[in-house]
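Coordinate inspection notes
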Amino acid sequence: MNTSEIHGNDRTDHEAPGGDAFRETAAVEDGGRSGHTPDAAPGAGDDRDARRQDTPDRGEMELAERHALRRIQSLSTELTDVTEVENRALRLERVVLIGVWTRGTQADADNSLTELAALAETAGALVLEGLTQRRSKPDPATYIGKGKAADLRDIVEATGADTVICDGELTPGQLIQLEDVVKVKVIDRTALILDIFAQHASSSEGKAQVELAQLNYLLPRLRGWGHSLSRQAGGAGGGGNGGVGLRGPGETKIETDRRRINDRIAKLRRQLTHMRTARDVKRDVRRTRQVPSVALAGYTNAGKSSLLNRLTGAGVLVEDALFATLDPTVRQARTPQGRGFTLSDTVGFVRYLPHQLVEAFRSTLEEVADADLILHVVDGSHPDPESQISAVREVFAEIGAGDVLELIVVNKVDSADPDVLKTMRTHHPDMVEVSARTGEGIPALVAALADALPEIAEEVRALVPYSRGDLVARAHDEGRVVSEEHTADGTELHAFVPAPLAARLGEHALSTV
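The rules behind the values
Residues numbered from 1 in each chain as written. Predicted model: local features only at pLDDT ≥ 70, side-chain atom pairs only at ≥ 80, totals over all residues. Heavy atoms only, no water. Pairing = 2+ DSSP bridges. Helix = DSSP H or I, 4+ residues; strand = E, 2+ residues; numbered from the N terminus. Contact = heavy atoms within 4.5 Å. Axes fitted to C-alpha atoms, helices over the stretch in contact; angles between N-to-C directions. Buried < 20%, exposed > 50% of the residue type's maximum accessible area, 1.4 Å probe, protein only. Right-handed = clockwise from strand over helix to strand, strands pointing away. Parallel < 35°, antiparallel > 145°, perpendicular 65-115°, else oblique. Left-handed = near helix turned anticlockwise from the far one by under 90°. Nonpolar A, V, L, I, M, F, W, Y, C, P; charged D, E, K, R; others polar.

1. Some details on the sheet that holds strand β10 (residues 373-379)
Across the sheet, 6 strands lie side by side as β8-β9-β7-β10-β11-β12; this open sheet has mixed pairing. Taken across any chain shown, the strands that pair with only one partner, and hence form the sheet edges, are β8 (329-334) and β12 (432-433). Inspection of the sheet shows β10 paired to strand β11 (residues 406-411) by 6 bridges, in the parallel sense. When the sheet's bridge partners are listed, V378 is paired in β11 with V410. Helix α13 (residues 385-399) contacts β7 (293-298), β10 and β11 of the sheet and is inclined by roughly 145 degrees relative to β10. Where helix α15 (residues 442-452) meets the sheet, its contacts fall on β7, β9 (340-345), β10, β11 and β12, and the angle it forms with β11 comes to roughly 170 degrees.

As structure tokens, this is what we get:
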């Protein structure tokens, strides 16, 4: 099987053509980045630029750290008989893919299996073979049926694979029975995505969210072998005679594991509640100042982080892989007209996104639901971008973001099929076509973003005394100044500002519209 070809969502050169103009007019406020100082000695700015270019940004350092430890193929300590182990690590190496095709066309089934291959490679696996089966519904016993399971076992033996990945979520019973037939480890699409998230989570909140999702997935799938199902007897002697009131079957090992997992889930939820409080406080501050919020959202590997770097020079990690970045990044920016807003990069979506992840990452996904504008980034190089748009909009509806204003941004147009783009223009006439790698279309995106931002501030016209220059400065910092004229009596100001500042400027109002 040919594994997926994921096109150029490569690292964006922050100094490439198309990015400078926006960053100069946008006046991006990125902590730790300083510009040229007017009083600097001749040549000092050039030296600083040279040093800055030689110094890797945060995203480059994170990428180097991620690639510092890689799996080596064909080195494994997997046991031949998987029933001899009780807890098996999700250590993917040589895998065979299997999918059940219940609806749609053969092309849809091939695209789904190609995406599964990309997910497996992102997790560190070597894909050996891929199979699809046409069925009205998955087999309730082995997912693919008794005969197909026997064929799959022959393929596993012939290729030397040690793992089978199913393109769907298997029930605990299907997982056990299919493993009994193929005699190697079997995992499903949900477990694969959870493994990728566990590898890529870096912040404390991200790690806690992933662990919570993994435990919720594991809880109904707990299994034990041999003596692990024996019961713990209470009382002295441990022989089942625990004394008065303590005699009985005791607690099995699997019951102990289930209780510990439930305790850990409760603890993680408490931790995430405290972390969510801190995120809500920051969000409330932005709401109080009435700063518009723009969220970059879309299918995984569509180029959201590359676009954030192109627009703001944020320096976040960019990698040609699925779910490369999980932790949200928020940057402040300004439109060419001087209006401030926040631009946030969120976790990517995928078809059949596990509900455990949606629930665990709900606080992070609220950045999308609470946004004033969603830049829906679409991979223009994908053979079927419309299916990705539909999958993302399903997640929007699930997290309560279905009614948020949406601007479709088609990325990677430098490697897109012209016929695909032509079809998309018919379905989405207002879409913006860009390339985060080359900078193509960025000025048009900036203009469309500025036009689409909702007006949430109040319009004021005031004659501000020169003694209250602080109000004029706040109008520039917190709002959008339409016009400013210096007269003999003070500064005549026409601006859109947050309500608290509008009340202060109202004391010097000429008129209020």
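Let us keep going from here.
2. Here we look at the pairing of strand β4 (residues 185-188)
Side chains K185 and I187 project from β4 onto one buried face, and the interleaved V186 and D188 project onto a second face that is buried too. One ladder, built from 4 bridges, connects strand β3 (residues 163-166) with β4; its direction is parallel. By the bridge assignment, C166 is partnered in β4 with D188. Once the chain exits β3 it traverses helix α6 (residues 172-182) before rejoining the sheet at β4, and the crossover so formed is right-handed.

3. Here we look at the packing of helix α5 (residues 146-159) against α6
Any two packed helices are characterised by the angle at which their axes cross and by the distance between the axes. Here α5 crosses α6 at 50 degrees, and the two axes come no closer than 8 Å. When the interaxial angle is binned, α5 and α6 end up oblique. Between α5 and α6 lies a crossing of right-handed hand. Taken together, the residues of α6 that come into contact with α5 (itself represented by A149, A150, L152, R153 and V156) are L178, V181 and V182. The residue inventory of the contact of α5 with α6, partitioned by class, reads 7 nonpolar, no polar and 1 charged.

Function-wise, these values are silent; they only describe arrangement.
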